[in-house]
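A structural walkthrough
Take a look at the letters that make up each chain.
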Amino acid sequence: MFQSSEIYGGMNGFWDYGPLGVELKRNVKNAWWQDMCAGHNELIQLEGAPSTFEMVGLDCTILMHPQVWKCSGHYDLFHDFMVDCRESKKRYRFDQVRGRWVSAKSQRIFVTTMVEADTEVEETQRKAQKFFNLRAKDVDQLVWESGFVSLDKLTPEEHAVTLAPDANTLGTFTAPREFNLMFKTYVGALSGEEGAAFLRPETAQGIFVNFKNVLDSTRVKIPFGVAQIGKSFRNEITPRNFTFRSREFEQMEIEFFCNPTESPGWYTYWRNRRMQWYRDLGLSDKRLRLREHHADELSHYSCGTADIEYAFPFLAEGEYGELEGIAHRGDFDLRSHMEGKLDPKKRPLELERTEDGQPKHRGSGRDLTYRDDLTNERYTPHVIEPSAGADRAMLAFLCEAYTEDEAPDEDGKMQTRVVMRLHPRIAPIKAAVFPLVKKDGMPELAQKIYGDLKKHMNVFYDEKGAVGRRYRRQDEAGTPYCITVDGQSLVDGTVTVRDRDTLVQTRISVSELTQEIKTRIGS
Ligand code: ATP
């Protein structure tokens, strides 16, 4: 992965995927699409599912009618709090500035930093030492109070004795202000507000506004799910932790429509199923957890939400980052797009109105209810939404896969190697083909094998350098199998297949090779 526009100094919060990265991310998306949508067998009842169900796909536009965002709530509610530093002129997300209390020379101050969790102790120490003008030998005059807390937990009086991350004087933070995360643009030649539109901050709304189109153009019946993968944009105040929080990213979302009476069962089903998906692709239970939101944490539309979280190595010990949210959204979205923006604070939900009693944002006026053919019952479906980030999932798979171990080189001596233990389904390169030496007809046979395999999967050909070094290069790229053509291959038509993880080499006949590799990678 490279920083976007790197030769011009880069753009904060934007990332490009290089030749291996693009394959890995595409494999993550393809695995999701295959497992959740295209490969879904609607005739069997999956374990834990209340009944059988159908899945279909959609691909919606990034720019949508501005009214979509008014009725979804994003126009009024999709904001974070930010603070500015009057001294450094830098802007920070209120809840992301972390710091700790320290006293020296009869003064108690709160020292903050935005550096990564593993360096924040040293960074706050360095800042406090500078602030109190202490020499290195006098640092033990600093009396620290335990633990880091985020700035939004402090009182306004405490803000006055806070040292901002890039400031030298105290109390330079402004009061927190709301900041809408949607990117605004203008459509067509109109540059005024009539042409204003927003880049979607989530793919979900495209599915809701097409609910009726899907019902009318297919024969799906409730319960069913609609899947979509696509770019989303959020003008994050402080993008960080590599691709974990960026301003342009990809989501993999499902809106699952069901009868309200069955929605609690489906919520549980999707929570468990999505958790298992990450396990099946290699994330270990040691770093993965499912966290149910507390009632006061729930989004404005939600009757229940659980996050699938991963203990990314760049987070502080014991902290987790969200990979996916599974939300029970009730009928909030369909009803808002039908009737007008609903008031999320009211139970039961009713139209949100301005002070003079007018509807705050009008809905489409279209009928987005569902009629059950068998029972003749008409209702607004409930929705379960498993919403995942492709970039975050990929980052978690990368972190989990990174290993250093020992493997023998060509002389049998043990050497340290970096190996990416990626699940074969998502590995960027499935197999590499090597001629042991560049002579005696070995390259010709290796190239033929390479050409045959290339029709089925992404394979790599390498004839340069010692074979041990070629193996290690593939270990670093996460390639699960290395195929070597040697002297024996020319005699009996077999090659060796080396397994990246076990290092076991087996001889396989060239005629069975494609099928064997396909079976091993599970395609
Ligand atoms: P966070 O609390 O981390 O900002 P969120 O709760 O706002 O995330 P959702 O709105 O639930 O995120 O979005 C669903 C998924 O989209 C997230 O679980 C994550 O995988 C992905 N996602 C959201 N924001 C970003 C981002 N800025 N960069 C990369 N992925 C993101």
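Residues numbered from 1 in each chain as written. Predicted model: local features only at pLDDT ≥ 70, side-chain atom pairs only at ≥ 80, totals over all residues. Heavy atoms only, no water.

**Remarks on the site of the ligand**
Not every one of the 16 residues close to the ligand is listed here, only the nearest: R234, E236, R245, S246 and E322. Backbone polar atom of L323 to an oxygen atom of the ligand: 2.9 Å apart, as the coordinates give it. Contact between the ligand and G389: an oxygen atom at 3.0 Å from a main-chain N or O atom of the residue. In isolation the ligand exposes 590 Å². Once the protein is present, 80% of that is buried. Elements with a contribution of two residues or more to the shell around the ligand: β15 (248-258), β18 (321-330) and β21 (382-389). Here the shell around the ligand is composed, by residue class, of four nonpolar, six polar and six charged. (Near = heavy atom within 4 Å. Polar contact = N/O pair within 3.5 Å; in protein donor to acceptor, adjacent residues only side chain to side chain. Areas by Shrake-Rupley, 256 points an atom, 1.4 Å probe, with all protein chains shown as cover. Helix = DSSP H or I, 4+ residues; strand = E, 2+ residues; numbered from the N terminus. Nonpolar A, V, L, I, M, F, W, Y, C, P; charged D, E, K, R; others polar.)

**Regarding helix α14 (residues 510-521)**
Taking 1.5 Å of rise per residue, the 12 residues of α14 would be expected to cover 16 Å, and the 17 Å separating its terminal C-alpha atoms lies within 8% of that figure. Those residues of α14 that fall on the buried side of the exposure criterion are L513, T514, I517 and I521. One side of α14 holds all its buried residues, which, seen down the axis, span an arc of 90°. Of the exposed residues in α14, the ones pointing more than 90 degrees away from its buried face are S511, Q515 and T519. Contacts from the buried residues of α14 go to β24 (431-435), α11 (442-454), β26 (481-485), β27 (494-499) and β28 (505-509). (Expected span 1.5 Å × (residues − 1). Buried < 20%, exposed > 50% of the residue type's maximum accessible area, 1.4 Å probe, protein only. Arc of directions from axis to C-beta. Contact = heavy atoms within 4.5 Å.)

**Examining the domain arrangement of the protein**
Taken domain by domain, the protein comprises domain 1 (55-78 + 182-273 + 288-311 + 322-395), domain 2 (81-177) and domain 3 (429-521). One C-alpha centre belongs to domain 2, the other to domain 3; they are set 55 Å apart. (Domains from an automatic or database assignment.)

**Thoughts on the side chain of R234**
Along the chain, R234 turns up in the loop between β14 (224-233) and β15. Within the buried set, R234 has no salt-bridge partner at all; the shortest N-O distance to an opposite charge, 4.9 Å, is to E202. Ignoring anything within four residues of it in the chain, the contact list for R234 reads F78, L181, F183, P201, E202, S246, R247, F249 and Q251. (Lys, Arg positive; Asp, Glu negative; His and termini not counted. Salt bridge = Lys/Arg side-chain N within 4 Å of Asp/Glu carboxyl O.)

**Re the sheet that holds β26**
The strand order β25-β24-β26-β27-β28 describes an open sheet built from five strands, whose pairing is mixed. Every interior strand has two partners, whereas the edge strands, β25 (459-461) and β28, have only one. The average undirected angle you get between the axes of adjacent strands in this sheet is 25°. The pairing of β24 with β25 spans three bridges and is parallel. Across the sheet, the residue bridging to A432 is F460, located in β25. Running at roughly 125° to β28, α14 makes contact with β24, β26, β27 and β28 of the sheet. (Pairing = 2+ DSSP bridges. Axes fitted to C-alpha atoms, helices over the stretch in contact; angles between N-to-C directions.)

**Here's the deal with the sheet that holds β15**
Within a sheet, adjacent strands bond to each other through the backbone by hydrogen bonds, running parallel or antiparallel. The strand order across the open sheet formed by seven strands is β3-β14-β15-β21-β18-β17-β16, and the pairing between neighbours is mixed. For this open sheet the edge positions go to β3 (54-57) and β16 (288-292), each flanked by a neighbour on one side alone. Between one strand axis and the next, the sheet turns by 20° as a mean value, whatever way the strands run. Where β16 and strand β17 (residues 304-310) come together, five bridges link them in antiparallel fashion. Counterpart to L288 in the pairing with β17 is Y310. Where helix α8 (residues 263-280) meets the sheet, its contacts fall on β3, β15, β16, β17, β18 and β21, and the angle it forms with β18 comes to roughly 165°.

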